[in-house]
Amino acid sequence: IFPCVFQAILIFCWVYVRKYQSRRESEVISTITAIFALAVALISSALLPVDIFLVSYMKNQNGTFKDWADANVSRQIEDTVLYGYYTLYSIILFCVFLWIPFVYFYYEEKEEDDGNTCSQVKTAFKYTLGFITICAVLLLIGAFVPLDIPNKNNSTEWEKVKLLFEEFGSSHGLTALSFSISSLTVIGMLAAITYTAYGMSALPLNLIKGTTSAAYERLENTEDIEEVEQHLLRIKSKCRDGRPLSSRDRQSVQQLEERLRTLRRRERHLESIEKSWCTKFCEAIRPLKIVWGVFFIIVALLFTVSLFLSNLDKALHSAGFDSGFIILGTNLTNPLNMLLPVLQTVFPLDYILITTIVMYFIFTSMAGIRNMGIWFFWTRLYKIRRGKTRPQALLFLCMILLLIVLHTSYMIYSLAPQYVMYGSQKYLVQ
């Protein structure tokens, strides 16, 4: 089943990128990078439901391990999932700090200078060094700073440095990777607050509101054509007695004739859209879109209530800031934490729901980025439009999605902490 899912993700990513990328400015390297980064984001988000399933699959309903799930097998499964996490997160680190910035700067140089490819690569790599430096700093901080070094008054500075490297070697660099991923997760939180929150409201409202029909747009276009034709007639009526038009009127005639040609082309385009089977199909499922829009609003409210109750529980009953607000057990049960254990009784409803939740956050994030565009504080850098999106905008979209995926994997633990931590496992009380 996993190869089929992987192929489906690649096909979806290819269709999505080809749907939004500009036909005139498309470039092979940026297209491949966008498809690859988007696929990594979707695969990383799908790893959490797989993790919950594999951990729960090893036990029976009475809490005992299955016959095949001995200590070696269970340890092997856990190590495989762990290596999957580290592999995907390392790829995300590579994409965010090296590959996507390099392709972005390479394309920028290609637009400004159509000369030597080698010089474009050198310039792009020079700008990418800044991102590599930031990544190296985060890895070094994560490798050395958080370690608990014993305070010995008689130890020399060289012994302290030696102990640092010994601790770094014993962890195999995993603390450095964890700190770097955690730093990116904080940035992903800001992106989720901006784009995912907007998408959770924009997606259902757009489904309920719908889009302007082709027939209505064609009617407006026809009125514009009539208005332009009347304006042309008024200007040309000035020269009926043989007097030549002024230069200003001639310029106005040229502009109006150009606009008239554009409006007639648009009329032919709208006519073809109105007669297409896709438009008729969308009109037929219009009530279904409204139902889905209302459903997504209810889901957004459910997530909001669940997150509020879970965080309130941590604030009231956790061990505090020093322990990272770790909480043992659940004192304030949120709706999702109640619903998922109930669905465990009917396989595989709980796995379908947790997968749907993860995909919901991803697709609402994509909808938020598509509606808002790419912003840097109060400045809009790029717009995301069907068939007109520049390669740089697609690269930014994929980078933001990678960051949001990191935060989503953390946020799911707050939505249903007991279920996400233990799955459907049951334990025997000794």
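Since we're looking at a predicted model, the values are computed, not measured.

Trainee: I'd like to hear about the overall build of the protein chain, residue by residue, with values.
Mentor: Counting its regular elements, the protein chain contains 14 helices and two strands. Buried positions account for 37% of the 430 residues belonging to the protein chain. Working note: accessible area of the protein chain is about 26,000 Å², and carbon and sulfur atoms make up 64% of it.

Trainee: Lay out the packing of aromatic side chains in plain terms, naming residues and giving numbers.
Mentor: All told, the structure shown has 16 aromatic pairs when counted by the stated rule. Here Trp-99 and Phe-102 contribute two aromatic rings whose centre-to-centre distance is 6.3 Å and whose plane-to-plane angle is 25 degrees, an arrangement assigned as stacked. With Trp-99 and Phe-102 both in helix α3 (residues 71-112) and three residues apart, this pair spans about one turn of that helix. Taken together, a centroid distance of 5.3 Å and an interplanar angle of 75 degrees make the contact between Tyr-104 and Phe-396 edge-to-face. Taken as a pair, Tyr-104 in helix α3 and Phe-396 in helix α13 (residues 391-415) lie far apart in primary sequence, 292 residues in all.

Trainee: Outline helix α10 (residues 286-317), supporting the account with residue identities and numerical values.
Mentor: For α10, built from 32 residues, the straight-helix expectation of 46 Å at 1.5 Å per residue is met to within 8% by its first-to-last C-alpha distance of 47 Å. Along α10, the residues that are buried comprise Gly-293, Phe-296, Val-299, Ala-300, Phe-303, Ser-306, Ser-310, Asp-313 and Lys-314.

Trainee: Which residues make up helix α2 (residues 28-57), and what are the values?
Mentor: In an α-helix there are 3.6 residues to a turn, and that puts residues three or four apart on one side. Under the 1.5 Å per step criterion, the end-to-end length of α2 is 42 Å for 30 residues, consistent within 8% with the ideal 44 Å. The principal kink in α2, of about 25 degrees, is found at Leu-47, preceding the proline Pro-49 by one to four residues.

Trainee: Go over the UniProt feature "coiled-coil region" (unreviewed entry) in the protein chain with me, naming the residues and quoting the values.
Mentor: UniProt records the feature "coiled-coil region" (unreviewed entry) for residues 246-273 in the present numbering. Across residues 246-273, the secondary structure splits into 96% helix and 0% strand, with the terminal C-alpha atoms separated by 41 Å.

Trainee: Lay out the nonpolar core in plain terms, naming residues and giving numbers.
Mentor: Core analysis: the largest hydrophobic core is formed by 80 residues, its most contacted members being Phe-303, Leu-402 and Ile-412. Examining the composition of this core, we find that 16 residues originate from one element, α13, more than from any other. Ranked by size, the runner-up nonpolar core spans eight residues in total, among them Ile-225, Leu-232, Leu-256 and Leu-260.

Trainee: Any chance you could break down the pattern of salt bridges for me, citing the residues and the numbers?
Mentor: Overall, the coordinates contain one salt bridge when judged by the stated rule. A salt bridge links Arg-261 to Glu-258; the nearest nitrogen and oxygen atoms lie 2.6 Å apart. Placement of both Arg-261 and Glu-258 in helix α8 (residues 247-275) is noted, with a separation of three residues, approximately one turn of the helix. Given a relative accessible area of 44%, Arg-261 falls into the partly exposed group. Judged by its relative accessible area of 39%, Glu-258 is partly exposed.

Trainee: How would you sum up the side chain of Ser-44? Please name residues and give values.
Mentor: Among the secondary structure elements, Ser-44 is positioned in helix α2. Taking relative accessible area as the criterion, Ser-44 reaches 2% and is therefore assigned buried. Engagement of the side chain of Ser-44 in a polar contact is seen with the backbone oxygen of Val-40, the distance being 2.7 Å. Beyond its immediate stretch of four places on either side in the chain, Ser-44 contacts Leu-88, Ile-92 and Val-405.

Trainee: Could you give me a rundown of the packing of helix α11 (residues 335-343) against helix α12 (residues 349-372), with the residues and numbers involved?
Mentor: For the pair α11 and α12, interaxial distance at closest approach is 7 Å and the crossing angle is 140 degrees. Relative to α12, the element α11 lies oblique. In this structure, α11 contributes Leu-336, Leu-339, Leu-340 and Leu-343 to the contact, and α12 contributes Leu-349, Asp-350, Leu-353, Ile-354 and Ile-357. Within the contact of α11 with α12, the residues separate by chemical class into eight nonpolar, no polar and one charged.

Trainee: Describe the pairing of strand β2 (residues 379-382), and please don't skip the residues or the numbers.
Mentor: In the sheet, strand β1 (residues 374-376) pairs with β2 via three bridges, with the strands oriented antiparallel. For Ile-374, the partnering residue across the bridge sits in β2 and is Tyr-382. Following β1, the chain reverses through two residues before pairing antiparallel with β2; Phe-377 in that reversal takes a positive phi of roughly 55 degrees.

Reading the values: rules and limits
- Residues numbered from 1 in each chain as written.
- Predicted model: local features only at pLDDT ≥ 70, side-chain atom pairs only at ≥ 80, totals over all residues.
- Heavy atoms only, no water.
- Helix = DSSP H or I, 4+ residues; strand = E, 2+ residues; numbered from the N terminus.
- Buried < 20%, exposed > 50% of the residue type's maximum accessible area, 1.4 Å probe, protein only.
- Areas by Shrake-Rupley, 256 points an atom, 1.4 Å probe, with all protein chains shown as cover.
- Phe/Tyr/Trp six-rings, centres within 6.5 Å; stacked < 30°, edge-to-face > 60°.
- Expected span 1.5 Å × (residues − 1).
- Bend = angle between axes of the 7 residues up to and from the residue.
- UniProt positions renumbered as here; feature names shortened; annotations may be inferred.
- Core = buried A, V, L, I, M, F, W, Y, C linked by side-chain atoms within 4.5 Å.
- Salt bridge = Lys/Arg side-chain N within 4 Å of Asp/Glu carboxyl O.
- Polar contact = N/O pair within 3.5 Å; in protein donor to acceptor, adjacent residues only side chain to side chain.
- Contact = heavy atoms within 4.5 Å.
- Axes fitted to C-alpha atoms, helices over the stretch in contact; angles between N-to-C directions.
- Parallel < 35°, antiparallel > 145°, perpendicular 65-115°, else oblique.
- Nonpolar A, V, L, I, M, F, W, Y, C, P; charged D, E, K, R; others polar.
- Pairing = 2+ DSSP bridges.

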